[in-house]
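# Remarks on the overall topology
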Amino acid sequence: MRRYNIQIIVPSLGRYEVIKENANPTGVQEEDYWSECFTWPELKTVVPRMRKMGWKIRLSPVEESDLAGKIHLFPFTYGVKHEVQMIKVSDLKLILTRDMGVLKFPKSSYYPFGY
């Protein structure tokens, strides 16, 4: 089964990583990452709403076999030079996060140890 990551560009605000709220984190990195990715039925409801708001969307497929070492920015670095916003879209609680680090522009990575 395939799931998807979403990155958005909000006009005049910048690029964000979108994470689905994980109500029951297990503490196992791969399982939590998988739970925070979007399924195809969720995309069919969330993406049209985001496009209606004028956001540009980039989807990245995630395979279950490629989970080793991946982690979303929000749970790893909450509050450390990151802008975090929570919104509700189509009955899903979403977390928008971006790295506001040393650079003048925000960056986002699915491999936080690599930057």
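For the structure itself, consult the block above.
A short tour of the structure in this document, coming up. (Residues numbered from 1 in each chain as written. Predicted model: local features only at pLDDT ≥ 70, side-chain atom pairs only at ≥ 80, totals over all residues. Heavy atoms only, no water.)

### Section: the overall build of the protein
- Counting its regular elements, the protein contains three helices and five strands.
- Its helices and strands taken in sequence order, the protein reads β-β-α-α-β-α-β-β from the N to the C terminus.
- A total of 115 residues make up the protein; the buried ones form 42% of that total.
- If you take every contact in the protein between residues at least 6 apart in sequence, the share linking residues at least 24 apart comes to 66%.
- Element-wise, carbon and sulfur atoms account for 56% of the exposed surface of the protein, whose accessible area totals about 6900 Å². (Helix = DSSP H or I, 4+ residues; strand = E, 2+ residues; numbered from the N terminus. Buried < 20%, exposed > 50% of the residue type's maximum accessible area, 1.4 Å probe, protein only. Contact = heavy atoms within 4.5 Å. Areas by Shrake-Rupley, 256 points an atom, 1.4 Å probe, with all protein chains shown as cover.)

### Brief notes about the environment of Met-53
- Summarising the element assignment, Met-53 is placed in the loop between helix 2 (40-52) and strand 3 (56-63).
- The sequence separation of Met-53 and Pro-11 amounts to 42 residues, and the corresponding C-alpha distance is 9.9 Å.

### Focus: the side chain of Thr-39
- One can find Thr-39 in the loop between helix 1 (29-36) and helix 2.
- Those residues in contact with Thr-39 that sit more than four places away from it in its chain are Met-1 and Arg-3.

### A few points about unusual backbone geometry
- Positioned with a positive phi, Ser-90 is a non-glycine residue whose angle comes to about 50 degrees.
- Looking at the secondary structure, you find Ser-90 in the loop between strand 4 (82-89) and strand 5 (92-99).
- Classification of Ser-90 by relative accessible area gives partly exposed; the value is 26%.

### Brief notes about helix 2
- Across its 13 residues, helix 2 extends 19 Å between first and last C-alpha, which sits within 8% of the 18 Å expected from 1.5 Å per residue.
- The sharpest bend along helix 2 comes to roughly 25 degrees, located at Val-46, with the proline Pro-48 sitting one to four residues further on.
- Along helix 2, the positions that sit buried rather than exposed are Glu-42, Leu-43, Val-46, Val-47 and Met-50.
- Among the residues trailing helix 2, Gly-54 stands out with phi positive, at a value near 90 degrees. (Expected span 1.5 Å × (residues − 1). Bend = angle between axes of the 7 residues up to and from the residue.)

Remember, this is a structural readout, not a statement about activity or role.
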